[in-house]
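Close look at the chain arrangement
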Amino acid sequence: MKQKFTLIELLVVIAIIAILASMLLPALNKARETAKRIKCIGKIKQIAQGTTLYSMEYDGYGPSGDFLPNNLFVSSTRGGIGKQLGVPTRMLYNNSDYGITPSIALCDNGGAYGDNNPLFASKNTVSTRNMNNSYSLNRNLIQENSGKLKLVKNASGRMLAATSGIDGWHNLTSRRGGYIESRAYMAFRHNRMGNFAFVDGHCETRKREEVPSGAYEVYDGKLHFWKQDY
Ligand SMILES: [Zn+2]
């Protein structure tokens, strides 16, 4: 007698495959998100290393730049760490490519404009053509000790750079880049976690609630995460 699959058997097999797939997909998504977070922390690590190189080159001073998002990644002579990170100056200004975000400055899960396209900001005709960058330096560092990073007392606890974006919880649109001075400007793009570099060069991933809201929070008074004296 010829053996055949019955409809029921076929349906059972399909159901089992569907159940297995539904069990596997979240694990795959989680693995993909973890990979993105690790790639992101690798970028912020390089930004920290670039800042250390800058500091060594300029007698202990950190990059100064200003609030303009482009200026953290410009060449050293303008107070940025572009040269230390190997970012071609032409990517940032001086020609028709003005506004292109170098890959070192953009997280896979989005930048200042909530988009992961390096051209996004320059395509945005409403805004000025700022970079779509995902990372900012702790602004307090350019005000303390005249900006000398080597004079920071709590180097292992003082935040140097963090994933940024104006809407810290939902990680969406921000014109801010380059410098931040409170949690409100930070972005937690990786499963509601953000990546951080510290003045001593080590990097960490932290949840939002593990970050002081700003230098005036009592909690930060113990940690000096944002600032030394206030
Ligand atoms: Zn990221």
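Because the structure is a prediction, the values reported are computed rather than measured. (Residues numbered from 1 in each chain as written. Predicted model: local features only at pLDDT ≥ 70, side-chain atom pairs only at ≥ 80, totals over all residues.)

**Looking at the overall build of the protein**
Scanning the protein from N- to C-terminus turns up four helices and five strands. The secondary structure elements of the protein, listed N-terminal to C-terminal, are α-α-α-β-β-β-β-β-α. Among the 230 residues that make up the protein, the fraction classed as buried is 40%. The contacts of the protein with a sequence gap of at least 6 include a subset with a gap of at least 24, amounting to 55%. (Helix = DSSP H or I, 4+ residues; strand = E, 2+ residues; numbered from the N terminus. Buried ≥ 20, exposed ≤ 12 C-beta atoms within 10 Å, placed from the backbone. Contact = placed C-beta atoms within 7 Å.)

**Notes on the nonpolar core**
Ile44, Leu160, Ala161 and Ala197 are the most contacted members of the largest nonpolar core, which totals 40 residues. Per-element accounting of this core gives the leading share, six residues, to helix H1 (residues 7-57). In this structure, Ile44 is in contact with Tyr135, Ala161, Asn195, Ala197 and Cys203, ignoring residues within four places of it in sequence. (Core = buried A, V, L, I, M, F, W, Y, C linked by C-beta atoms within 7 Å.)

**Things to note about the environment of Gly165**
By the element assignment, Gly165 lies in the loop between strand S2 (159-163) and strand S3 (178-180). Among the residues examined, Gly165 registers 30 C-beta atoms within 10 Å and is labelled buried. Considering only alpha carbons, one finds Gly165 and Phe188, 23 residues apart in sequence, at a separation of 8.5 Å.

**A short note on the pairing of S2**
Each regular strand displays side chains that alternate between the two surfaces of the sheet. With respect to burial, S2 is a largely interior element, five of its five residues being buried. Here three bridges tie strand S1 (residues 135-138) to S2, and the two strands are oriented antiparallel to one another. Of the residues in S2, the one forming a bridge with Tyr135 is Thr163. Looking at chain direction, S2 and strand S4 (residues 193-198) are connected through three bridges and run antiparallel. Within S4, the residue paired with Ala162 across the bridge is Phe196. (Pairing = 2+ DSSP bridges.)

**Observations concerning the environment of Ser134**
When you line up the elements, Ser134 lands in the loop between helix H3 (120-123) and S1. Once the C-alpha coordinates of Ser134 and Ile44 are considered, the two residues, 90 residues apart in sequence, prove to be 9.5 Å apart. Ser134 has contacts with Ala105, Leu106, Cys107, Gly110, Gly111, Ala112, Thr163, Ser164 and Ala187, leaving out every residue within four places of it along the chain.

**Examining H1**
Every α-helical turn comprises 3.6 residues, leaving residues that sit three or four positions apart pointing alike. Taking 1.5 Å per residue, 51 residues should reach 75 Å; H1 reaches 74 Å between its end C-alpha atoms and fits that length. On the buried face of H1, the contacting elements are helix H2 (82-85), S1, S2, S4 and strand S5 (203-207). Positive backbone phi, approximately 55°, marks Asp59, located one or two places after H1. (Expected span 1.5 Å × (residues − 1).)

**Overview of the confidence of the model for the protein**
On average, residues of the protein score 82 in pLDDT, and 80% of them reach the 70 mark or higher. Element-level mean pLDDT values for the protein span from 68 in H3 up to 97 in S5. (pLDDT = per-residue confidence, 0-100.)

**Quick word on the environment of Glu210**
Of note, Glu210 is situated in the loop between S5 and helix H4 (218-223). Take Glu210: there are 12 C-beta atoms within 10 Å of it, and that puts it in the exposed class. C-alpha separation for the pair Glu210 and Met193, spaced 17 residues apart in sequence, amounts to 9.4 Å.

**Describing unusual backbone geometry**
With glycine set apart, most residues show a phi of negative sign, and most peptide bonds adopt trans. The backbone of Arg192 shows a phi angle near 65°, a positive value even though the residue is not glycine. With respect to the helices, strands and loops of the structure, Arg192 is situated in the loop between S3 and S4. On the neighbour-count criterion, Arg192 (12 C-beta atoms within 10 Å) is exposed. For His224, which is not a glycine, the phi torsion comes out positive at approximately 55°.

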